[in-house]
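# Examination of the molecular architecture
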Amino acid sequence: MSTRTDAPTRREQILKEAARLFAERGFHGVGVDEIGAAVGISGPGLYRHFAGKDAMLAELLVGISERLLSGGRLRVAEAASDPEALLASLIDGHIDFALDDRPLITLHDRELDRLRERDRKLVRQLQRQYVELWVTAVRDIHPEVPESEARAAVHAVFGLLNSTPHLGSHGGGLPARAATETLLRRLAHGAFASLTP
């Protein structure tokens, strides 16, 4: 899958810094002025891009759910005829997310309930669709596994992969990316392989 390499827009810079600050200090622990300072503009200047912090939070959490789903659908389109390749591709895509967007994982865990009900429902709807892509892929490989068990396995693997914000928290930063990526891939594949006794 191709990835975008052009420079981030001002809006994307703001969202990235907002995610980092919200993850570090909590949504209510961060002011608009601090977000603005992190990207080199005044706090009030942020209002040219967003209506406020609530709008940033909604765009971050809805946006990542949309990105995961659209990326998953693209992977399905590219590898639908090869279930093993599809599952491997889904795992790799989620590992990239888990390593590259760690603040968004923390933000989702802590702040999802702060979204307006409409946005929270949209996030949940997008997430359910994303899960179903994985469940279908798993059951194509393991048709003997009940759907409920396949879904539980998918959620367990998400929990494993989404644990990245906790890696390195006791002694510095994240371990080397290549090594972490290899470990997460091996663990995820192992979890799904264990569905067959």
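Right above here is the structure, for reference.
Quick look at the structure, then. No experiment lies behind these values; they were computed from the predicted model shown.

Across all of its chains, the model carries 15 salt bridges by this definition. Among the ionic pairs, Arg151 bridges to Glu147, the shortest N-O distance being 2.9 Å. Of this pair, Arg151 and Glu147 both sit in helix α7 (residues 147-161), separated by four residues, roughly a single helical turn. Taken together, the salt bridges that share partners define one network made up of Asp92, Asp96, Asp100, Arg177, Glu181 and Arg185.

Turning our eyes to something else, we now look at the packing of aromatic side chains. In this structure the tally under the stated criterion is five aromatic pairs. Seen from their ring centres, Trp134 and Phe192 are 6.2 Å apart, and the 40° between their planes marks the pair as tilted. Pair noted here: Trp134 is in helix α6 (residues 117-141) and Phe192 is in helix α8 (residues 177-193), with a separation of 58 residues, a long-range link. The exposure classification of Trp134 matches that of Phe192, with both residues buried. Ring pairing ties together the aromatic residues Tyr130, Trp134, Phe158 and Phe192, which thus form one cluster. Note that Arg11 overlies the ring of Phe50, its terminal NZ or CZ placed 4.2 Å from the centroid. Over the ring of Phe27 we find Lys53; its NZ or CZ atom is 4.5 Å from the centre of that ring.

Next up on the list: the layout of surface pockets. Its boundaries defined by the atoms lining it, the second largest pocket holds a volume of some 450 Å³. Secondary-structure elements contributing two or more residues to the lining of the second largest pocket are α3 (53-79), α4 (83-100), α5 (102-111), α6 and α7. In terms of residues, the lining of the second largest pocket owes the most to one element, α6, which gives seven residues. Its residues assigned to classes, the lining of the second largest pocket comprises nine nonpolar, six polar and five charged.

A word on α8. With 17 residues, α8 ought to run about 24 Å at 1.5 Å a step, and its terminal C-alpha atoms sit 24 Å apart, in line with that. Taken together, the buried positions of α8 are occupied by Thr180, Leu184, Ala188 and Phe192. Down the axis of α8, the sector holding all buried residues measures 95°, keeping them to one side. Structural note: α8 exposes Ala178 and Arg186 on the side pointing more than 90 degrees away from its buried face. Residues of α8 that are buried make contact with α4, α6 and α7.

The next thing to look at is the packing of α4 against α8. As a packed pair, α4 and α8 sit with axes 10 Å apart at the nearest point and diverge in direction by 135°. When the axes of α4 and α8 are compared, the pair comes out oblique. Of the two elements, α4 crosses α8, and the hand of that crossing is right-handed. Within the contact between the two elements, α4 uses Leu87, Ala88, Ile91, Asp92, Ile95, Asp96, Leu99 and Asp100 and α8 uses Arg177, Thr180, Glu181, Leu184, Arg185, Ala188, His189 and Phe192. A class-by-class count of the residues in the contact of α4 with α8 yields eight nonpolar, two polar and six charged.

Tracing the backbone shows Glu111 in helix α5. Taking the relative accessible area as the measure of exposure, Glu111 reaches 3% and is therefore buried. Within polar-contact distance, the side chain of Glu111 engages the side chain of Arg114 at 2.4 Å. Residue contacts for Glu111: discarding those within four places in its chain leaves Gly26, Phe27, Leu57 and Leu61.

Helix length check: helix α1 (residues 10-25), at 16 residues, gives a terminal C-alpha distance of 22 Å against a target of 22 Å (1.5 Å per residue), a fit within 8%. Among the residues of α1, Ile14, Leu15, Glu17, Ala18, Ala19, Leu21, Phe22 and Ala23 are the ones counted as buried. Taken together, the buried residues of α1 touch α2 (32-39), α3 and α5. Two residues or fewer after α1 comes Gly26, characterised by a positive phi angle close to 85°.

Here is what the cut-offs are and how they apply
Residues numbered from 1 in each chain as written. Predicted model: local features only at pLDDT ≥ 70, side-chain atom pairs only at ≥ 80, totals over all residues. Heavy atoms only, no water. Salt bridge = Lys/Arg side-chain N within 4 Å of Asp/Glu carboxyl O. Helix = DSSP H or I, 4+ residues; strand = E, 2+ residues; numbered from the N terminus. Phe/Tyr/Trp six-rings, centres within 6.5 Å; stacked < 30°, edge-to-face > 60°. Buried < 20%, exposed > 50% of the residue type's maximum accessible area, 1.4 Å probe, protein only. Lys NZ or Arg CZ within 6 Å of the ring centre and 35° of its normal. 1 Å grid on protein atoms, 1.4 Å probe; cavity = no way out; pocket = protein on both sides within 12 Å on 5 of 7 lines; lining within 4 Å. Points joined across faces, edges and corners; volume = space filled by probe spheres on them. Nonpolar A, V, L, I, M, F, W, Y, C, P; charged D, E, K, R; others polar. Expected span 1.5 Å × (residues − 1). Arc of directions from axis to C-beta. Contact = heavy atoms within 4.5 Å. Axes fitted to C-alpha atoms, helices over the stretch in contact; angles between N-to-C directions. Parallel < 35°, antiparallel > 145°, perpendicular 65-115°, else oblique. Left-handed = near helix turned anticlockwise from the far one by under 90°. Polar contact = N/O pair within 3.5 Å; in protein donor to acceptor, adjacent residues only side chain to side chain.

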